[in-house]
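# Breakdown of the fold
Each chain is listed here by its residues.
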Protein chains: 2
Amino acid sequence: MSYRIQSTPRKDGFRMPGEFEPHAGTWMLWPERPDNWRNGAKPAQKAFVAVATAISQFEAVTMGVSQSQFNNARQMLPGEVRVVEIANNDSWMRDCGPTFVVNGTSARVVDWDFNAWGGLLGGLYFPWDLDDVVARKVAEVERVDSYKAPLVLEGGSIHVDGEGTLMTTRECLLNENRNPDKNQKEIEDLLADYLNIKKFIWLNHGVYNDETNGHVDNICCFIRPGVVALTWTDDKSDPQYEISQENYEILQSITDARGRKLEIHKIHQPNPVLITEEESRGVDAVDGTLPREAGDRMAASYINFYLCNGGAIVPTFDDEHDKPALQALQALLPERKVVGVPAREILLGGGNIHCITQQQPKP
Amino acid sequence: MSYRIQSTPRKDGFRMPGEFEPHAGTWMLWPERPDNWRNGAKPAQKAFVAVATAISQFEAVTMGVSQSQFNNARQMLPGEVRVVEIANNDSWMRDCGPTFVVNGTSARVVDWDFNAWGGLLGGLYFPWDLDDVVARKVAEVERVDSYKAPLVLEGGSIHVDGEGTLMTTRECLLNENRNPDKNQKEIEDLLADYLNIKKFIWLNHGVYNDETNGHVDNICCFIRPGVVALTWTDDKSDPQYEISQENYEILQSITDARGRKLEIHKIHQPNPVLITEEESRGVDAVDGTLPREAGDRMAASYINFYLCNGGAIVPTFDDEHDKPALQALQALLPERKVVGVPAREILLGGGNIHCITQQQPKP
């Protein structure tokens, strides 16, 4: 009961809602590949269980899992979490999964092309064939129709306010390893058609050393329409300083689709988080997969949190900035319960809580 | 959202409804193993598409499919059919799939042990680990709780009238390759607990040369409570004659859970259907999988049909008995549309339309 629709969401009156709008539930994928997740992904699996458990206080969670990990995932996850078989190359539901669009009465899926964050030009692994079918499989389980969008795009590279504004980064969307045949205008036209967007906010860069080529969801997000949070550092010697400063200036200078100036909140990043010797040794070395070298700085940011019905699930790093970040977000989200979840093991795989979740909005 | 319940359906007020009661939908599994299905399962896949298409006139169909066949199945099946990933060892949803039980308001799943029709004592292939998880995966997709029943049982080895009567065969349920540690009484007690059964009808044998060890669903079924259909032959030299005759006498001699005598309708079988040289050559030879030898007689029977909402999907064999069988069943099922579907390619795999389907009743 899932048809491919040969129109566009805009023509059909569908739009992508903001993450802060009501959800029908959350989708995730179970981590397992030993060339990305240390120690056979066992520590990461525990971290994913903690995230799924935290979200399931607020809304229904479905975990997609390969056949070989089905029994283990079913055993490790609480009964509230639905476990369905979905083969995958890795566990980033935000990026390979569906983008849901809604009208007043129903939901549909936008199914983007996926090339593992850069394909053969710096992509993070090969192949990515299973990831590229994940969105369609989600649509099938939910009996939701889908649009095939002719654009390489990961869900983490965009944020929307649900009122016509989309925020992204040039570092990612204009990267030659995504859509080399399309210029900025052509990409905007496709996003306008498939997400019902009227105004684009282009940041230049994402978080320092972010292997996704600067996904916006690690550096800046909408708290609600007209209000954004930006990762920040007061340390002028940190390479992140200049990036955040530039984004702050861009955000100050523009208006959104409704003509509003943005209210910008800075969330100070954790101290630099480096891969340890032991962590690096736990990862299988495989040609063609991004290695995890000891001493490498990871792109740690509190902005990579996830909004769910009545909740906000925020990564923590056992860092002095954890508590101020949680307090600042709680102050910005008084209608939600802010829940911190230790996320170092997720970060070690190259992303964070927002990257491993995907909301299914309520129509 | 799928819990294992540590009680039994009988204690909780759940029962297995008759197949003729209203369905929420139908589950199937996509054929692919080349050591059972000839020519890489391509002819069988077309036959399964025809069955799924026929059923989907009447109710929702979900096809489970391995990751490697997902794209092909999605392409071959009509859009009305939902396609979800479910790894499997072969495609007999009736036998490895869930048995649904209902009360007035909800449905649950009974998850039996599965050993590929006999385990290491004459089972049809090895391993069967993926099949054994199919029932649980269906329960997960549907967000339905499940009972784990401590009994090796295939869905095709039982038929119920929904009013407390269960019909089965000694050849299968008492076979030493199923539950060697349990006697008839112990098996009855478990079926009573898990399906809410009060009366057992024990036939001795199933169809001649049936590789399932005589599944009842190929030889006799309930049309409705109090009414059964039995495969038949008028040819006294056919080894099937004696089997059908004996079952007829058993059925005449007993009463059901409500104390009714049964109304018995004979449906004449097709002429003997033999595997051809060409068909045999199309099957991969693999140690441990039942070979498909040229000249072998297949267990062809019209009784292996499937009842769905307002319909009956009946196998046909390009045989002179097709038309009389369809007419007889239509007369027995005046409230349904009887649809014949050519089923030789399914029969070549060792079963028929009932074996590849599983009803999900409406609670």
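Higher on the page you've got the structure.
Notes on the structure in this doc start here.

Conventions used here
Residues numbered from 1 in each chain as written. Chains lettered and ligands numbered in written order. Predicted model: local features only at pLDDT ≥ 70, side-chain atom pairs only at ≥ 80, totals over all residues. Heavy atoms only, no water. Helix = DSSP H or I, 4+ residues; strand = E, 2+ residues; numbered from the N terminus. Rg over C-alpha atoms; globule rule 2.2 N^0.38 Å. Buried < 20%, exposed > 50% of the residue type's maximum accessible area, 1.4 Å probe, protein only. Contact = heavy atoms within 4.5 Å. Areas by Shrake-Rupley, 256 points an atom, 1.4 Å probe, with all protein chains shown as cover. Salt bridge = Lys/Arg side-chain N within 4 Å of Asp/Glu carboxyl O. Least-squares fit on C-alpha atoms with pLDDT ≥ 70 in both. Polar contact = N/O pair within 3.5 Å; in protein donor to acceptor, adjacent residues only side chain to side chain. Pairing = 2+ DSSP bridges. Buried area = accessible area lost by both parts, 1.4 Å probe. Axes fitted to C-alpha atoms, helices over the stretch in contact; angles between N-to-C directions.

When its secondary structure is counted, chain A shows 11 helices and 18 strands. At 19 Å, chain A has a C-alpha radius of gyration in line with the 21 Å of a compact globule built from 363 residues. Counting only C-alpha atoms and orienting by the principal axes, one finds that chain A spans roughly 50 × 50 × 45 Å. In chain A, which comprises 363 residues, the proportion classed as buried is 65%. Within chain A, contacts between residues at least 6 apart in sequence are counted, and of these 75% link residues at least 24 apart. When the accessible surface of chain A is totalled, it reaches about 12,900 Å², and 49% of it is carbon and sulfur.

Glancing now at the pattern of salt bridges. Residue and element names in this part refer to chain A. Following the criterion strictly, the structure yields 48 salt bridges over all chains and no others. The partner of R224 in a salt bridge is E335, and the shortest N-O contact between them spans 3.4 Å. Of this pair, R224 sits in strand β10 (residues 220–224) while E335 sits in the loop between α10 (322–332) and β17 (337–342), placing them 111 residues apart in sequence.

What follows covers unusual backbone geometry. Residues and elements named next belong to chain A. Of note, the bond from F126 into P127 is cis; its omega dihedral lies within 30 degrees of zero at -5 degrees. Within the chain, W117 stands out as a residue other than glycine whose phi angle is a positive 65 degrees. Considering the arrangement of structural elements, one finds W117 in the loop between β5 (107–113) and α5 (131–141). We classify W117 as buried; its relative accessible area is 3%. Even without glycine at this site, R143 takes up a positive phi of about 55 degrees. Structurally, R143 is set in the loop between α5 and β6 (146–152).

Least-squares fitting of chain A to chain B yields an RMSD of 0.0 Å, with the superposition described by an axial translation of 0.0 Å and a rotation of 180 degrees. Taken together, the rotation and translation describe the operation of a two-fold axis. Distance from the rotation axis, computed per C-alpha, reaches its smallest value in chain A at A:E85: 2.9 Å. Same-surface contact between copies: 100% of interface residues of chain A are shared with the interface of chain B.

So, on to the side chain of B:T165. Residues and elements named next belong to chain B. Positionally, T165 belongs in strand β8 (residues 165–169). Here the side chain of T165 touches D161 through a polar contact of 2.8 Å, side chain to side chain. Polar side-chain contacts of T165 include one of 2.9 Å to the backbone nitrogen of A257. Dropping the residues within four chain positions of it, T165 is found in contact with H159, V160, I197, K199, I201, F222, D256 and A257.

All names here are of chain A. With six of six residues buried, strand β11 (residues 227–232) is to be regarded as a mostly interior element. By the alternation rule, side chains of β11 split into V227, A229 and T231 and V228, L230 and W232, which are all buried. For β10 and β11, the ladder comprises four bridges, and the chain directions are antiparallel. Among the inter-strand pairings, F222 is bridged to a residue of β11, identified as V228.

The next point concerns the interface of chain A and chain B. Listed by partner, the interface residues are 25 residues for chain A and 25 residues for chain B. Taken over both partners, the interface formed by chain A and chain B buries close to 2,300 Å², and the fraction arising from carbon and sulfur atoms is 50%. Applying the counting rule to chain A against chain B returns four salt bridges. Linking B:R74 and A:E140 is a salt bridge whose minimum nitrogen-to-oxygen distance equals 2.7 Å. Counting every contact that joins chain A to chain B gives 12 residue pairs in polar contact (both at pLDDT 80 or more). Mapped by element, the contributors of at least two residues to the side of chain A that touches chain B are α3 (70–76), β3 (82–85) and α5 of chain A. Counting residues per element, the side of chain A that touches chain B draws most heavily on α5(A), which supplies five residues.

We now examine the sheet that holds strand β12 (residues 263–268) of chain A. Residue and element names in this part refer to chain A. Sheet architecture is open: three strands sit in the order β10-β11-β12, paired in mixed fashion. Across the chains shown, the open sheet's two edge strands, defined by having one partner strand only, are β10 and β12. Across the sheet, the mean angle separating the axes of adjacent strands is 30 degrees when strand polarity is ignored. Packed onto the sheet, helix α8 (residues 239–253) meets β10, β11 and β12 and runs at close to 160 degrees relative to β11. Packed onto the sheet, α10 meets β10 and β12 and runs at close to 160 degrees relative to β12.

On to the environment of B:N175. Residues and elements named next belong to chain B. Tracing the chain through its elements places N175 in the loop between α6 (170–173) and α7 (184–195). Given the relative accessible area of 17%, N175 is considered buried. Residues N175 and P17, 158 residues apart in the sequence, show an inter-C-alpha distance of 26 Å. The contact partners of N175, leaving out residues within four places of it in the chain, are R170 and N213.

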